[in-house]
Amino acid sequence: MSFLVPNGPELMVNPAKQSLIQGEVNIVRYLRRLLDPAAEAEDPITMATCDEVLDLVQLRVLDGNHKERDAALRTLNSRLGRNPWLVGDSPSTADITTWSAIKQCKLSADLSANVKKWFLSCENNPLFQTA
């Protein structure tokens, strides 16, 4: 038997305090900061850019309607026209989360050129192959 969680996956951080993190994107954000706490102080622009992409994925791809998803994919296509990855020169949590969202929403068949090229790079990258 499976249970559908309306707001996506949930992570209980501290049962004594009932600290619940809801949604794949928010769990990724929490784990990224937990595993690399100095990153935000060392490179706030990259962290903010990553958060911007994560917000786009959550609000427009995972939770959005057809029109919002199309707009998000156009934004991603534009971003990927200038860079091989969504944030920086190597795969990041933004890439992993966006790739996951595209797969979950079954959008991979209708991707524009830059997003399709990026998606195939993700598919062929060992970091993504175990997912």
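Not measured: the values here are computed from a predicted model.

Topic: a nonpolar patch on the surface
Item 1. Together, Leu31, Leu34 and Leu35 make up an exposed nonpolar region whose accessible area comes to about 310 Å².
Item 2. Among the structural elements, Leu31 can be located in helix H1 (residues 24-35).

Brief notes about unusual backbone geometry
Item 1. Despite not being glycine, Lys106 has its phi angle at roughly 55°, a positive value.
Item 2. Here Lys106 lies in the loop between helix H5 (93-104) and helix H6 (113-124).

Side note on H5
Item 1. Given a rise of 1.5 Å per residue, 12 residues ought to cover 16 Å, and the 16 Å separating the end C-alpha atoms of H5 matches this to within 8%.
Item 2. Turning to H5, its buried residues are Ala94, Asp95, Thr97, Thr98, Trp99, Ser100, Ala101 and Ile102.
Item 3. Packed against the buried residues of H5 are H1, helix H3 (44-62), helix H4 (66-82), H6 and helix H7 (126-129).
Item 4. At the exit of H5 stands Lys106, carrying a positive phi of roughly 55°.

How each quantity is defined
Residues numbered from 1 in each chain as written. Predicted model: local features only at pLDDT ≥ 70, side-chain atom pairs only at ≥ 80, totals over all residues. Heavy atoms only, no water. Patch = residues over 30% accessible without salt bridge, like charges linked within 9 Å, V, L, I, M, F, W, Y side chains within 5 Å. Areas by Shrake-Rupley, 256 points an atom, 1.4 Å probe, with all protein chains shown as cover. Salt bridge = Lys/Arg side-chain N within 4 Å of Asp/Glu carboxyl O. Helix = DSSP H or I, 4+ residues; strand = E, 2+ residues; numbered from the N terminus. Expected span 1.5 Å × (residues − 1). Buried < 20%, exposed > 50% of the residue type's maximum accessible area, 1.4 Å probe, protein only. Contact = heavy atoms within 4.5 Å.

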